[in-house]
Amino acid sequence: MSIKIKYYLKPLYLRTYFFKISLMDKLMTVKKTLCPYQEKCYRKNPIHFNEMSHPHLEKLVINRLDDILTIPTHLDFECPDRSQLLDQLKVLQIVLKKERDRNGGTASQESSKIPESTKKTVTDSPKKNLTPKGKETISDDLKQKIERNRQAALLRRENKLKVLDAKAELLASYESSSSGREKSPKPNLKRNITNTDVTNQKKAKTSDSTFSSQSSSSSSTNKNSSSSIAEDFSLCKTSAGRENIRRQALEKMQMAGFKANIVEPGEFALKYALSEPYHLFFTRVEKIKETYNQPLSITLPEVLDISLGEIVESLHFNFMIDIGWVCLQYLLAAQSAKMLVFYESRVDTEPLPANITAIEIPKPSAFGCHHTKVSLLKYKDDGIRIIVSTANLYSDDWENRTQGVWISPHLPRLPESANSNDGESPTGFRKDFERYLLTYKQGNLTEWIYAIRNADFSAVNVFFLASVPGSHKGRDANNWGHKKLSTILSQHAILPADSSYWPIVAQCSSIGSFGPNFENWLQKDIVTSMSKEKNAGLKSTPSFQFVYPSINNFTGSIDCRAAACCLPYSMKTHSKQQWIESYMYQWKASKIARDRAMPHIKSYTRISRDFQKIPWFVLTSANLSKAAWGTFRNSNYIMNYEAGVVFIPKFITKETTFQIKKEESSDIPVFPMPYDLPLTRYGPQDKAFVIEFFDSA
């Protein structure tokens, strides 16, 4: 038995003077066209930096390809936006590192050979010991030192592996010694969700506390004393101590039966930069290995990754949460688990440690729920980040289902001299998001609302789209649900003359009660709102297509084999609206390797006739239901809390549509679609999946 633990601690340098100079020589041979905008360039696209040269940026990055970048106090060019400059430098750093590697650079291997005395930073004095051709010479003495350092690094690695093997043996002996006595039950990690009503949720119970861990420094006289790993972490002041606690968390996850979703900590900033300009990800699927190395696959520890910043506090809104599991994800990311949580249902029953406050949001009505899935992270530098997803905060949703996750840029704190309107997003995201938080009327949110008001949202390029329970009238009616989406599209969506032939495509994981026919609600409210566009003129109504798993889709899925379900659509509801099957299309996601991962993601869009373009895209927690989107008659009546984001091309790519298939003539990345196109219609024998499937199986 062995445990593979990857460490988040990385030195701030991975190159030395010699390798930097060698790289400079090689990069000088790469032929690029000088960017016509030069110091005024605002681009942050890796493709642009691959093709264009930017000398004013390159000289700031070239000697710091493996360092954490900062902007020097004094620059020899005009810089009106230092935040934009830092983003450009990070993207350029990624591009130049790739060029270095293609040219034979081996920073990760060679860095361990270099003695401390040769480390350089961006503030180093001018380079010395260069030959006339610009290449460095290395003395025999330095070569010997390099070899000694290499041997020492190998020895340290071997010793570290011995320690891990010893820990593995200890765990094995623990399991062996426990086999002859009564064991504490393990958490029931696979849960059957058969109804959206949380009173019917089966709570996972275990006497083995998720939060408590035997202290590694305890003496034999206090072996029965336990302390919260989360609390220990909050008190830890050293990186070595944090890593030790992280190892404890990993061991505890394995002993409790969790499958630890371990990725290399400290690396996510690179993946995030490469996801520009959409920053839209799909959750990695534990049982589908093809999803592991996809550039847009993500795990929860990556969302929390230290490379995005040191977290000091978090705020989570969700429907269902396993707080113990969430704490362990924080610890695997080596981050502080201090958090405030608003939820409707908890699937664990453990007492909370002092650094966690959890507030249950009562069901707004008999058929309504708190369905929002939004997180806010506050960093040590006073910046914040917002995450909007479709996933509940428990293991099943993050391990074996298709989920969508949008991650905002880092939103720095505005200067004290800023005006109240400074730092707003071009999309009005901050205003809409603050309005949503105020509807909770919770004093605990005051400091978070203050942080939002004082954050610079100018880099956010999507709209915030939410639903809150109530009967919304007058101007307030357009702030929520499908009426809010209608307003956004009316003002900003630009479609071509043939847009009547661009169908509306809805995709979700649960279905509400629509009424006796298509016209009753889907046509009157949803299709009408989603058909809106700027300068529409006289156009016929587009067709409607609905992606939802058939029974055949489900029987081949991971959920079916695990006897679990994230599709709580009932036969009672379906029997009253079987007409919906004539609009239904199967779940197919082979292009992102997620055919067998049932969709808990919810998305809405319109697609061109040739399946090449979309004019907008919505990622949201809102399923296709009146409770989630609202019913508008004399007022906009909504029953759920929901949250999502709207992608409009002109705010992201400066175009009128997003490309969903690559065009050779364009350097704009394609928009990541969660399902295959063209869609596959239900066949004569196909039936929509209903939860009663388990009763007949």
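Just so it is clear, the model here is predicted, and its values are computed rather than measured.

*Asks:* Requested: an account of the overall build of the chain, with residues and values cited.
*Replies:* Of regular secondary structure, the chain possesses 22 helices and 26 strands. Accessible area of the chain: about 31,600 Å², with a carbon and sulfur share of 51%.

*Asks:* Go over helix H15 (residues 481–492), please, and point to the residues and values.
*Replies:* Under the 1.5 Å per step criterion, the end-to-end length of H15 is 17 Å for twelve residues, consistent within 8% with the ideal 16 Å. Counting buried positions over the twelve residues of H15 gives nine, a clear majority of the element. The complete set of buried residues in H15 reads Gly481, His482, Lys483, Lys484, Leu485, Ser486, Ile488, Leu489 and His492.

*Asks:* Which residues make up the nonpolar core, and what are the values?
*Replies:* Leu624, Trp629 and Phe647 are the most contacted members of the largest nonpolar core, which has 105 residues in total. Sorting elements by how many residues they give to this core places helix H16 (residues 519–530) first, with five residues. Setting aside residues no more than four positions away along its own chain, phenylalanine 647 makes contact with Tyr278, Leu280, Trp406, Val462, Trp616, Phe617, Leu619, Ile652, Phe658 and Phe671. Formed by 29 residues, the second largest nonpolar core is a distinct cluster that contains Phe268, Ala333, Tyr379 and Ile407.

*Asks:* Any details on the packing of helix H13 (residues 429–438) against helix H14 (residues 446–453)? Residues and values, ideally.
*Replies:* Here H13 crosses H14 at 170°, and the two axes come no closer than 10 Å. Between H13 and H14, the angle is such that the two are roughly antiparallel. Of the residues in H14, those in contact with Arg430, Phe433, Glu434, Leu437 and Leu438 of H13 are Ile449, Ile452 and Arg453. For the contact of H13 with H14, the class distribution of residues is five nonpolar, no polar and three charged.

*Asks:* Lay out the pattern of salt bridges with the relevant residues and their values.
*Replies:* Going through the model one piece at a time under the given rule, you end up with 21 salt bridges. Among the salt bridges present, the one from glutamate 286 reaches arginine 284, with a minimum N-O distance of 3.8 Å. One exposure class covers both glutamate 286 and arginine 284, and it is buried. Lysine 687 serves as the salt-bridge partner of glutamate 581, at 3.8 Å between the closest nitrogen and oxygen. Taken together, the residues span a long stretch of sequence, with glutamate 581 in the loop between helix H19 (571–574) and strand E19 (584–585) and lysine 687 in the loop between strand E26 (658–659) and helix H22 (693–696) at a distance of 106 residues. Take glutamate 581: its relative accessible area is 14%, and that puts it in the buried class. Under the relative-accessibility criterion, lysine 687 is labelled partly exposed at 43%. The network of salt bridges with common partners includes Lys431, Asp432, Arg435 and Lys484.

*Asks:* Describe in detail the sheet that holds strand E6 (residues 297–298), supporting the description with residues and values.
*Replies:* If you trace the eight strands from one edge of the open sheet to the other, you get E6-E5-E14-E13-E12-E7-E9-E11, paired in mixed fashion. Bordering the open sheet on either side are E6 and strand E11 (356–360), each of which pairs with just one other strand. Note: strand E9 (residues 339–343) against E11, five bridges, orientation parallel. Its bridge partner being in E11, leucine 340 is matched across the sheet by threonine 357. Packing against the sheet, H14 makes contact with strand E7 (311–317), E9, strand E12 (374–379) and strand E13 (384–389), and its axis sits at approximately 75° to E12.

*Asks:* Can you explain H14? Please cite residues and give values.
*Replies:* For H14, every residue scored as buried is listed here: Trp448, Ile449, Ala451 and Ile452. Taken end-on, H14 shows its buried residues confined to a sector of 155°, consistent with a single buried face. Summarising the contacts, the buried residues of H14 are in contact with E7, E9, E12, E13 and H13.

*Asks:* An account of the packing of aromatic side chains is requested, with residue identities and associated values reported.
*Replies:* The final tally for this structure, using the stated rule, is 37 aromatic pairs. Taking 6.4 Å as the distance between ring centres and 70° as the angle between the ring planes, the aromatic pair formed by phenylalanine 317 and tyrosine 436 counts as edge-to-face. Placement of the pair is phenylalanine 317 in strand E7 and tyrosine 436 in helix H13, with a sequence separation of 119 residues. Given a relative accessible area of 0%, phenylalanine 317 falls into the buried group. When its relative accessible area of 0% is taken as the criterion, tyrosine 436 is described as buried.

*Asks:* Tell me what's going on with the environment of valine 670, and back it up with residues and numbers.
*Replies:* By the secondary structure assignment, valine 670 is in the loop between E26 and H22. Exposure remark for valine 670: the relative accessible area of 33% places this residue in the partly exposed category. Separated by eleven residues in the primary sequence, valine 670 and glutamine 659 place their C-alpha atoms 5.1 Å from one another. What valine 670 contacts, discounting residues up to four positions off in sequence, is Tyr278, Gln659, Ile660, Lys661 and Lys662.

*Asks:* Tell me about the pairing of strand E14 (residues 404–407), and name the residues and values.
*Replies:* Taking every second residue as pointing to the same face, both faces of E14 are buried, with Gly404 and Trp406 on one and Val405 and Ile407 on the other. Strand direction decides the pairing type here: E13 and E14, joined by three bridges, are antiparallel. Each bridged residue has a counterpart across the sheet, and for isoleucine 387 the counterpart in E14 is isoleucine 407.

*Asks:* So what about the sheet that holds strand E22 (residues 617–620)? Which residues, and what values?
*Replies:* Sheet strands pair via backbone hydrogen bonds, and the direction of the pair is either parallel or antiparallel. Spatial strand order, E15-E25-E22-E20-E17-E18-E19: seven strands in an open sheet with mixed pairing. Of all strands in the sheet, those with a lone pairing partner are strand E15 (463–467) and E19, marking the two edges. One ladder, built from four bridges, connects E22 with strand E25 (residues 642–647); its direction is antiparallel. Paired with leucine 619 across the strands is valine 645, a residue of E25. Sitting on the sheet, H15 is in contact with E15, E22 and E25, with an inclination near 155° to E15.

*Asks:* So what's going on with the packing of H15 against H16? Residues and values would help.
*Replies:* In contact at an axis separation of 8 Å, H15 and H16 are set at 30° when each is read in the N-to-C sense. Considering the angle they form, H15 stands roughly parallel to H16. At the point where H15 passes H16, the crossing takes the left-handed sense. When H15 is examined against H16, the residues His482, Leu485, Ser486 and Leu489 are found in contact with a partner set consisting of Asp525, Ile526, Ser529 and Met530. Split by residue class, the contact of H15 with H16 holds four nonpolar, three polar and one charged.

*Asks:* Residues and numbers for the pairing of E9, please.
*Replies:* Burial analysis of E9 places five of its five residues in the buried class, the great majority of the element. Burial along E9 is two-sided: the face carrying Met339, Val341 and Tyr343 and the face carrying Leu340 and Phe342 are both buried. Here E7 runs beside E9; their pairing, made up of four bridges, is parallel. Counterpart to histidine 316 in the pairing with E9 is valine 341.

*Asks:* Pulling in residues and values, what's your account of the environment of phenylalanine 617?
*Replies:* Inspection of the secondary structure assignment puts phenylalanine 617 in strand E22. Leave out the neighbours within four places in its chain, and phenylalanine 617 touches Leu280, Ser603, Tyr604, Thr605, Val645, Val646, Phe647, Phe671, Met673 and Pro674.

*Asks:* Describe the environment of phenylalanine 544, with residues and values.
*Replies:* Relative to the assigned elements, phenylalanine 544 resides in strand E18 (residues 544–547). Between the C-alpha atom of phenylalanine 544 and that of isoleucine 526, which follows or precedes it by 18 residues, the distance is 9.7 Å. If we ignore the near neighbours within four places in the chain, the residues touching phenylalanine 544 are Ile504, Ala506, Phe518, Leu522, Val527, Tyr583 and Leu624.

Definitions and limits used
Residues numbered from 1 in each chain as written. Predicted model: local features only at pLDDT ≥ 70, side-chain atom pairs only at ≥ 80, totals over all residues. Heavy atoms only, no water. Helix = DSSP H or I, 4+ residues; strand = E, 2+ residues; numbered from the N terminus. Areas by Shrake-Rupley, 256 points an atom, 1.4 Å probe, with all protein chains shown as cover. Expected span 1.5 Å × (residues − 1). Buried < 20%, exposed > 50% of the residue type's maximum accessible area, 1.4 Å probe, protein only. Core = buried A, V, L, I, M, F, W, Y, C linked by side-chain atoms within 4.5 Å. Contact = heavy atoms within 4.5 Å. Axes fitted to C-alpha atoms, helices over the stretch in contact; angles between N-to-C directions. Parallel < 35°, antiparallel > 145°, perpendicular 65-115°, else oblique. Nonpolar A, V, L, I, M, F, W, Y, C, P; charged D, E, K, R; others polar. Salt bridge = Lys/Arg side-chain N within 4 Å of Asp/Glu carboxyl O. Pairing = 2+ DSSP bridges. Arc of directions from axis to C-beta. Phe/Tyr/Trp six-rings, centres within 6.5 Å; stacked < 30°, edge-to-face > 60°. Left-handed = near helix turned anticlockwise from the far one by under 90°.

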